[in-house]
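# What the coordinates show
Spelled out, the chains give:
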Amino acid sequence: GATGWVTLKGTDGAAILKPREKPFLAVTHAVPLHNAFDAESATVRSLQQDEVLELLEGPRPLEAKSELCLRCTASKDGAAGWVTLKDGDGNSSASPSKSIYVCRSTIAMTDGFDIANCKVLRKVDVGEALEVVGGQEQADAAKSISRLQFRAVRDGLTGWVTLRGNQGTVYTEASDC
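Residues numbered from 1 in each chain as written. Predicted model: local features only at pLDDT ≥ 70, side-chain atom pairs only at ≥ 80, totals over all residues. Heavy atoms only, no water.

Right, let's get into the packing of aromatic side chains. In the structure shown here, the tally under the stated rule is two aromatic pairs. Judged by centre distance (5.4 Å) and plane angle (75°), the ring pair of F113 and W160 falls under edge-to-face. Taken as a pair, F113 in the loop between β8 (107-110) and β9 (120-124) and W160 in strand β13 (residues 158-164) lie far apart in primary sequence, 47 residues in all. Looking at W160, the relative accessible area reads 12%, which means it is buried. (Phe/Tyr/Trp six-rings, centres within 6.5 Å; stacked < 30°, edge-to-face > 60°. Helix = DSSP H or I, 4+ residues; strand = E, 2+ residues; numbered from the N terminus. Buried < 20%, exposed > 50% of the residue type's maximum accessible area, 1.4 Å probe, protein only.)

Right, here's the structure in full:
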């Protein structure tokens, strides 16, 4: 970082400094200097802001492996952020769940399968996520409804919820994600 004066030509008229054909670059912010043309290669050292670089080769594009990310919220605590769904090597960190249902129309969660002999635990709100607990869907042929046992993701409460009413109303259905 020294500043000063430089003589361009000697007393005999010979050039001391010659113009260069290659461009020079100035570092705009701290960045690693890698020893190979690969962002994953070893770091030679960290370059600091305002360092001067001489161009030796390039620029050339670095073919980066594609990643697939999505913005989401965690059901456990409502934390929001970004998740890598599939990394550059094809490894998945999340996948659609076959055991998650979503409430499409407000419905009651009850403590038992039989609607005539059960107690309402609470209402299930539209958009609320429910996780299957009991396994297979059960139908009440006399009432023309089907029900399934769920655990509410929001509060962990377990109970029975009607999937489809006797008039064809869809109360809950498998998550479409």
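Continuing now.
Below, the discussion takes up the environment of D155. Relative to the helices and strands, D155 is located in the loop between β12 (145-152) and β13. Taking the C-alpha atoms as reference, D155 lies 9.5 Å from S75; in sequence the two are 80 residues apart. For D155, the side chain forms a polar contact with the side chain of R122, separated by 2.9 Å. (Polar contact = N/O pair within 3.5 Å; in protein donor to acceptor, adjacent residues only side chain to side chain.)

Bringing the environment of W82 into the picture now. Its location among the elements puts W82 in strand β6 (residues 80-86). Along the backbone, W82 and R71 are 11 residues apart, and their C-alpha atoms lie at a distance of 4.4 Å.

Time to look at the confidence of the model for the chain. Summing up the model confidence of the chain, the mean pLDDT is 82 and the portion of residues at 70 or higher is 88%. Per-residue pLDDT, averaged within each element of the chain, yields its smallest value for strand β11 (residues 138-140) (70) and its largest for β9 (95). (pLDDT = per-residue confidence, 0-100.)

Take the nonpolar core next. One finds Y101, C103, I107, M109, V124, L130, L148, F150, A152, V161, L163 and Y171 forming the largest nonpolar core, which totals 12 residues. Ranked by residue count, the leading element in this core is β12, at three residues. (Core = buried A, V, L, I, M, F, W, Y, C linked by side-chain atoms within 4.5 Å.)

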